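In case you want the letters, here they are:
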Amino acid sequence: MAEREVTISIIKADVGSFVGHVQAHPDMLQAVKARLHQAKEQGLLIDFYVANVGDDIDLIMTHYQGSNNESIHKLAWDAFMDATAVARELKLYAAGQDLLSDSFSGNMKGLGPGVAELTFVERPSEPIVIFMADKTDPGAWNLPLYKIFADPFNTIGLVIDPKMHDGFTFEVHDLIDHKKIHFTLPQDLYDMLVFIGSPSRYCIKHIYANRNGEMAAATSTDRLNIMAGRYIGKDDPVCIVRCQSGLPAVGEVLEAFAEPHLVAGWMRGSHYGPLLPVAEKDSRPTRFDGPARVVALGFQLCHGRLIGPQDFFADVAFDRAREKALELADYLRRLGPFEPHRLSLDQLEYTTLPLVAEKLKDRFEDLK
Ligand code: F6R
Ligand code: MG
Ligand code: MG
């Protein structure tokens, strides 16, 4: 008999927070936990963990229903509706923000919440790391995923582990034209970098091991602002990475965040700033609504049970990354409304450009 596949689903949304866009309220977390607990009792879920990163609620769920399953997505939708009701009752800020529809229809696609899912046969030991970010967009994963799965200076296993030496295949999505392409590394490396170096448009969605085709990583690539056709908040992406035994070691996966990189987001989703690696308890984006945070929670799967979490970035080994990120934040903030701190005009999510351009249109003269 074929072994049973387990699915890990992370479904996340911002459905209100306090104070301003800083943190989901504990009563909201209580509400979603109650809903998921009930689903576990009824046997729909094997296990769950509710994480809170900034103003986002991240539902980490394991089950046997497969990816993109209606019952699981509906459960997450109902949980977010419950949290929205709490947010409305407490008059929290932006209650219901990411729920773009009044009703659920089939799966989360286009409805607002972000989704990353992996379905696989659990190995004899299955370590996974879940990354969750606030105040940035899904392109934030491009650089670290490239380092983890393609850069021998980060991941020595690519060079000296015979089980990793065949490299990995990256599935990259074009979020503007809604297309996807697979790059097989190392041979397609230079071609891939042409695209993923522009993370506002091209995002890594899945990564597979060339050795056996196993899926090693998945991200959420939903772009709320494009879906809604107007600004309603950054997507605040999540990412799942399986580790060890022919996949990158946990330490190789975390190493990619030791050098903070610049990501789009921060205040009004319209600035570049450093991605600050923090413990879950430190994930409240305060200064200039940021800087963008990333939390890394580790779990061992045990027949679908989530053994953990291990809050990796709570470790002192990331103190220097934090110091450097905060220095970068100081430097960039001094640029104020100027690029490259502020995003370019075509990337801005809040813009007064059409209004100001309309007001001044008669004052523009042709250059002779
Ligand atoms: C960024 C974010 C915040 C808000 C900002 C203004 O993703 O959520 O920086 O954009 O606080 O919020 P509003 O327009 O709701 O006053
Ligand atoms: Mg918010
Ligand atoms: Mg958020």
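Residues numbered from 1 in each chain as written. Chains lettered and ligands numbered in written order. Predicted model: local features only at pLDDT ≥ 70, side-chain atom pairs only at ≥ 80, totals over all residues. Heavy atoms only, no water.

## Concerning the coordination of the magnesium ion (ligand 2)
Distances from the magnesium ion (ligand 2) to its protein donors, Asp-14 (OD), His-21 (ND1) and Asp-55 (OD), fall at 1.9 to 2.3 Å. Site description for the magnesium ion (ligand 2): donor spacing in sequence, D-x6-H-x33-D. A separation of 4.8 Å is found between the magnesium ion (ligand 2) and the magnesium ion (ligand 3), which share Asp-55 as a coordinating residue. In this pair, His-21 is assigned in the loop between β1 (6-13) and α1 (26-41) and Asp-55 in the loop between β2 (47-53) and β3 (56-63), connecting sequence segments 34 residues apart. (Donors = N, O, S within 2.8 Å, 3.2 Å for Na, K, Ca; no water. Helix = DSSP H or I, 4+ residues; strand = E, 2+ residues; numbered from the N terminus.)

## Points about the environment of Ala-79
Looking at where Ala-79 falls in the secondary structure, it is placed in helix α2 (residues 70-89). Spatially, the C-alpha atoms of Ala-79 and Arg-322 are 33 Å apart, while their sequence positions differ by 243 residues. With near-sequence residues (within four places) excluded, Ala-79 lies in contact with Val-32, Arg-35, Leu-36 and Leu-59. (Contact = heavy atoms within 4.5 Å.)

## Structural notes on the side chain of Thr-219
Structurally, Thr-219 can be placed in strand β9 (residues 215-219). From its side chain, Thr-219 meets the backbone oxygen of Ile-204 in a polar contact 2.7 Å long. Those residues in contact with Thr-219, other than ones at most four positions away along the chain, are Val-115, Ala-116, Trp-141, Leu-145, Ile-204, Lys-205, Val-238 and Cys-239. (Polar contact = N/O pair within 3.5 Å; in protein donor to acceptor, adjacent residues only side chain to side chain.)

## Some points on the pattern of salt bridges
Per the counting criterion, the structure on display carries 18 salt bridges. Salt-bridge contacts for Glu-126 lead to Arg-123; the nearest nitrogen and oxygen are separated by 2.9 Å. Accessibility classification places Glu-126 together with Arg-123 in one group, the buried group. Salt-bridge contacts for Arg-242 lead to Glu-126; the nearest nitrogen and oxygen are separated by 2.9 Å. Of the two residues, Arg-242 is situated in strand β10 (residues 238-242) and Glu-126 in strand β5 (residues 126-134); the sequence distance between them amounts to 116 residues. Summarising the burial analysis for this pair, Arg-242 and Glu-126 share the class buried. Because the salt bridges share partners, they merge into one network encompassing Arg-35, Lys-74, Asp-78 and Asp-82. (Salt bridge = Lys/Arg side-chain N within 4 Å of Asp/Glu carboxyl O. Buried < 20%, exposed > 50% of the residue type's maximum accessible area, 1.4 Å probe, protein only.)

## A look at the coordination of the magnesium ion (ligand 3)
Protein-derived ligands of the magnesium ion (ligand 3) are Asp-55 (OD), Asp-56 (OD), Asp-134 (OD) and Asp-236 (OD), with the metal-ligand distances lying across 2.0 to 2.3 Å. Mapping the donors of the magnesium ion (ligand 3) onto the primary sequence gives the spacing D-D-x77-D-x101-D.

## Focus: the site of ligand 1
Residues in close proximity to ligand 1 total 11 residues, the closest being His-21, Tyr-93, Arg-268, Asp-289 and Tyr-350. Side-chain polar atom of Tyr-93 to an oxygen atom of ligand 1: 2.8 Å apart, as the coordinates give it. Taken by itself ligand 1 offers 410 Å² of open surface, and the protein chains cover 79% of this. Of the residues belonging to the shell around ligand 1, the class tally is 5 nonpolar, 2 polar and 4 charged. (Near = heavy atom within 4 Å. Areas by Shrake-Rupley, 256 points an atom, 1.4 Å probe, with all protein chains shown as cover. Nonpolar A, V, L, I, M, F, W, Y, C, P; charged D, E, K, R; others polar.)

## Here's the deal with a nonpolar patch on the surface
A surface patch of nonpolar side chains, about 280 Å² in accessible area, is lined by Ile-156, Val-159 and Ile-160. Mapping Val-159 onto the fold places it in helix α4 (residues 157-160). (Patch = residues over 30% accessible without salt bridge, like charges linked within 9 Å, V, L, I, M, F, W, Y side chains within 5 Å.)

## A few points about the nonpolar core
Counting residues in each nonpolar core, the largest one holds 44 residues, and the members touching the most others are Phe-131, Phe-149, Phe-168 and Phe-170. Element by element, the count of residues in this core is highest for helix α3 (residues 142-150), at 5 residues. In contact with Phe-149, not counting residues within four places along its chain, are Leu-158, Phe-168, Phe-170, Ile-207, Ala-216, Ala-217, Val-241 and Pro-248. Grouped together as the second largest cluster of nonpolar side chains are 31 residues, Val-15, Leu-45, Val-50 and Ala-83 included. (Core = buried A, V, L, I, M, F, W, Y, C linked by side-chain atoms within 4.5 Å.)

## Quick notes on the packing of aromatic side chains
Counted according to the given criterion, the structure contains 12 aromatic pairs. Ring plane angle 75° and centroid distance 6.4 Å describe the contact between Trp-141 and Phe-257, whose orientation is recorded as edge-to-face. Taken together, the residues Trp-141 in the loop between β5 and α3 and Phe-257 in the loop between α7 (250-255) and β11 (262-265) connect sequence positions 116 residues apart. Considered together, Trp-141 and Phe-257 belong to a single accessibility category, that of buried residues. Between Phe-257 and Phe-313 the ring centres are 5.7 Å apart and the planes differ by 55°, which places this aromatic pair in the tilted class. Taken together, the positions of Phe-257 in the loop between α7 and β11 and Phe-313 in the loop between β15 (305-311) and α8 (319-333) put the pair 56 residues apart, joining distant regions of the chain. The positively charged end of Arg-333 is found above the aromatic ring belonging to Phe-288, 3.5 Å away from the centroid. (Phe/Tyr/Trp six-rings, centres within 6.5 Å; stacked < 30°, edge-to-face > 60°. Lys NZ or Arg CZ within 6 Å of the ring centre and 35° of its normal.)

## Focus on the sheet that holds β2
The strand order across the open sheet built from 4 strands is β2-β3-β1-β4, with neighbouring strands paired in antiparallel fashion. The sheet terminates laterally at β2 and β4 (114-120), the two strands that pair on one side only. Put simply, the sheet's adjacent strands are angled 10° from each other on average, direction ignored. Two strands pair when backbone bridges link them, and β1 and β3 are joined in this way by 7 bridges, in the antiparallel orientation. By the bridge assignment for β3, Thr-7 is matched with His-63. This element, α2, spans β1, β3 and β4 of the sheet and lies at about 150° to β3. (Pairing = 2+ DSSP bridges. Axes fitted to C-alpha atoms, helices over the stretch in contact; angles between N-to-C directions.)

Structural measurements only, silent on function.
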